[in-house]
Structures are given as structure tokens and as C-alpha cells.
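Commentary on secondary and tertiary structure
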Amino acid sequence: MLFELEDVSYARSGKLVLRDLGARLPVGASSVVGPSGSGKSTLLRLLNRLADPDSGTVVYEGKDVRERDPLALRREVCLVPQLPALIEGTVHDNVAYGPRLAGHSFDARSCLELAGLDPAFEDRDSAKLSVGEQQRVMLARALALEPRVLLLDEPTSALDQTARDAVEATLQGLRARTAISTVVVTHDMEQARRLADYVVRIENGRASAQGPIGEVLDQEVEPAIATAEDAT
Amino acid sequence: MTHLAAASSIHVTLGEVAAALALVAIAAIASRAWHAELEEDIGIAVFRSLVQLTAIGYVITLIFDQDSAVLVLALITVMVVFGAFTARNRAKCVPNAFWPLLIALAVAAAATLGLVIALGIFPATPRYLVPVGGMVIGNSMTSAAVALNRLGEDVHDQSRTIEATLALGATSSQAVTPLVQRSLRSGMITLVDSTKTTGLIFFPGTMVGMLLAGANPTDAVRLQLILLYVLLGAASIAALMAITLARRNFFTSAHQLREPPEP
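Reading the values: the criteria
- Residues numbered from 1 in each chain as written.
- Chains lettered and ligands numbered in written order.
- Predicted model: local features only at pLDDT ≥ 70, side-chain atom pairs only at ≥ 80, totals over all residues.
- Helix = DSSP H or I, 4+ residues; strand = E, 2+ residues; numbered from the N terminus.
- Expected span 1.5 Å × (residues − 1).
- Buried ≥ 20, exposed ≤ 12 C-beta atoms within 10 Å, placed from the backbone.
- Arc of directions from axis to C-beta.
- Contact = placed C-beta atoms within 7 Å.
- Pairing = 2+ DSSP bridges.
- Axes fitted to C-alpha atoms, helices over the stretch in contact; angles between N-to-C directions.
- Core = buried A, V, L, I, M, F, W, Y, C linked by C-beta atoms within 7 Å.

With that out of the way, let us pick up helix 6 (residues 161–177) of chain A. All names here are of chain A. Over its 17 residues, helix 6 extends 24 Å from the first C-alpha to the last, a length consistent with the 24 Å expected when each residue adds 1.5 Å. Listed in full, the buried residues belonging to helix 6 are V167, L171 and L174. Buried positions in helix 6, seen along its axis, are confined to an arc of 50° and lie on one side of it. Residues of helix 6 that are exposed and point more than 90 degrees away from the buried face comprise Q161, T162, A169, A176 and R177. Those residues of helix 6 that are buried lie in contact with helix 4 (108–114), helix 5 (131–143), strand 8 (181–186) and helix 7 (189–195).

Written as C-alpha cells, this is what we have:
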């Protein structure tokens, strides 16, 4: 198992966001789904120690994340936030940021290509890119760290339909071309179907369902179909 | 600097001080005419300056008469502590800002006063240490407070960018480096600009005071230059040290933002 969360609670500004949450995320492509404010993004931040739970444990590959060096963990379990937040400078400066800190070598052009961007973007000013392009630079700079796990927080929520399709195609391409595990947070069940094999559904800070994506999402459809049939 | 004692031949009566209030009245009238609503603040400023300067005048007279290093040290300590409290109130966005500010002001005061004494610029007597100490601490406080306030606002406004860089394995220090550079600049720029324009656009207070008191203009200029350079150094030390110490307070030991951006 990639991640195991047990009895995890987390409060923000006095408000409980996660409540005794238990969840498991296997190696491969997973998704965390649920309505806005249900605690999905918070859960993602606990996986690479951008935050620590108030109680409970988060285990990554059999070891409590609190026992790991947070900087090394974040280079291995890399989070791409919901909104682009690039540093000032060129696209190359952004892609180089993480590897330079870690002392890794990197190939900016292949990272850009993997993230669905033309390598010619390397010298472009990051402030002059569209939101969709910025989002893919965020992905490219995470890939430059050669992570084992990518955590993607609503990766298409700020994008229009065309850009969304392009980012989804990029993520599907990553699944096919790399061994990187992904955890995608989304409020869109259909997007979860397209991008993941396993799903955890969160409601009011608790995991209300989890398992292979077909089983979990089909279970939710069945009562709705039954209700429609009763009405007829 | 051997003959500054000559600058003490002027005598000012209370009546003359009161007459200067006529100009304050003009300021109050202008405020009322333009509905700037500053009359109350002007009144408070006049009253506080009268009380505070009169009180400190008596304290300085006592310290000069006693010629005691302990009393000088006590007065400078009090100024450092009050300076840190005042600066903390200006830098409200910075968690636990008091201790970084206290240390920054104490180090700036000790380093600059120690240096000017060690170099023989001023003798280690209350007549020099008290006024120079007051100027050093006052200017250091302003620079440190402005720098910290800017840092606090920037960390709040750019929490998404900071967290995004932490997510790439940056340490908390690395994540705020661009903000530290801007904050330090904010804390220093006013003093740097006023040093650049001194003598052209305005005459600084020490020089004016000495000239009014009858000192030789060459002595007045040289003393003013020494003070400008000392203040520039002290303000830099204070701003840099306050930022260096306070930037850690935004983060946990695991390089997490204490106040992360809203999801």
C-alpha cells in the first residue's frame, strides 16, 4: 500500500476539517473525490507533510511520514497545487528550481514535453503564460524532481474545456509512459473515472467510501437508478 | 571631536517654546478646514512631546550630573525595550515579533555604540552615549518595524507561492528568500534616500541644532556625517537581524507554513 491514513483529524482555525479519517491509497492512479469543503485538499497536504494531522497517523510505504525528513519526502512525493504559483523568471528557472535545491541533474526540455508543453517554452517569461500553460509548467517542475508520487490538487479546476482536455491527456500520457503513482483530488466524478483506478470518497471530513473506482462510483449510481425506477 | 562642548551657549525660555505652538495652531486649522480629522492627533502629539521630552530632559540632566555608566546602560535598555514593543505593534502580521525585535535593537545599539567608542569617535561619557544611543535605537526601530511589517504582509499575500516552493523541497529560508530581499530594501530605503539627499534638500537635525547653538559649521557637518553613517549601519543591522530571526516564526520546524493558504 502506498499511503495509509488512520484516525486522522485536522482542524483549521478551530474548525474540524478531517474527523477520524481512515483511508488507503494503493500504488498506481488514485483519486480523492468529494464536494467542495469536504477536506480533500487538506488530505493531500498531509501526504507530503505540508501539514501534520492533529491526531492519527499518515503512513507512506510502511513508515510514518513524521519519521521522514520532510524535504526529502516532498521531493519524492511532489504536490502540484490547485492554482499555478510560479516563481518570477523564465519557464526554465521554474523547472530548474527543485532540482537545483536538491543538487539533481535535470533535462528541462524533456520535462516540458512530458508535461505537454513545447520545449520551446523553456525561455518564455513565466508571467506571460496562460493559466493552462502555467499549470503545465507547475507539472513540469514537479516532474523535474523525478518523483515517485505526484499529488495533483484539482489540476483542471482553473482551466477551460480545451485546456482541461489537454491536461487530462497529459496525465493519461504520464500513466502510460512513467511508473509515477498519482493521487488526483477532484470534485468531478467523471474526471476521477478518466484519471484513476482507485478512489476515496470524502464527505464532511470522513471517508464515506473507497475501493476500485468502478465499484465505488457504480454503488452511488445504483440507488439513484432504483429511485427513478420506483417512480415509474 | 574635541570641542563640541562649545555648542551649549543658547538659552531657550518656556515663552519661546509656547510661541512655537502658533505654527501648530495653523496645522490644526488646516486640518479642520480640509476635514482631515487630525486635530485630536495633533493635540495628542503636542502634549506627548511636551511631557516626554520634559521628562527625558530631567532624566538626562540627572544622568549627566551622576556621570554613571550604570544609569546610561539602564536608560539605553529601557529605550531598547520600549522600541521593541512599539515596533512589534507596527509589525502585527509577524508572529512573536517581540523577541526578534528586542535582540535586533539591542545588537544594533551595542554594535554601533561599541564601535564609535572603540574608534575614539566619541568618549564613553553620558553626554555622548545618551543622545547618540537614542538616535540609533529610534532609527533602528523604524527600519526593523518597516522591514518586518513588509515581510509579514508579503508572506500573507504570497502564501500560495511559498507553499508551492516548499512542496518542491525548499527549506523555509529558501522559500522566503525573495521576500526577505524586498523587506530589507523596504526597511532601509527611507534612510538611504534621506542620506543621499542630505545637505541638498534638507539639513539634518543634529547639524541644525549645533549651528543654532553656535557651533563651528565644519564641526557641525563632521558630527552630522558621523551620525548619518552610524545610523545607516545601525538601521541595516537592526532590519537584517529582525528579519533573519523573525522569518522562522512563520514556519514550523518541519518547514510548514503556520498559516497555510485557504484551500
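Next, the rest of the story.
Our focus in this paragraph is the sheet that holds strand 9 (residues 198–203) of chain A. Residue and element names in this part refer to chain A. Reading across from one edge, 6-7-8-3-9-10 is the order of the 6 strands in this open sheet, with mixed pairing throughout. Looking at strand neighbours, the two that pair on one side only are strand 6 (77–80) and strand 10 (206–212), the edges of this open sheet. Sheet twist, expressed as the average angle between the axes of neighbouring strands with direction ignored, equals 15°. As paired strands, strand 3 (residues 29–33) and strand 9 are joined by 4 bridges and run parallel to one another. When the bridges of strand 9 are listed, V32 appears paired with V200.

In regular strands, side chains alternate between the two faces of the sheet. All names here are of chain A. With 5 of its 6 residues buried, strand 9 lies for the most part within the structure. As paired elements, strand 9 and strand 10 share 6 bridges and run antiparallel to each other. Note on strand 10: the bridge partner recorded for V200 is Q210. As consecutive antiparallel partners, strand 9 and strand 10 are separated by 2 residues, and within that stretch N204 has a phi angle of approximately 50°, a positive value.

Residues and elements named next belong to chain A. Mapping G62 onto the fold places it in the loop between strand 4 (55–60) and strand 5 (63–64). For G62, a count of 8 C-beta atoms within 10 Å gives the class exposed. Residues G62 and Q219 lie 157 residues apart in sequence; the distance between their C-alpha atoms is 30 Å.

As a further point, take the nonpolar core. One recurring pattern in soluble globular proteins is that nonpolar side chains are buried together. The biggest cluster of nonpolar side chains holds 130 residues, and the ones touching the most others in it are A140(A), L151(A), L105(B), A144(B), L148(B), A238(B) and A242(B). Among the elements that line this core, the one with the most residues is helix 9 (residues 217–246) of chain B, at 15 residues. Leave out the neighbours within four places in its chain, and A140(A) touches V95(A), C111(A), L112(A), A115(A) and L117(A).

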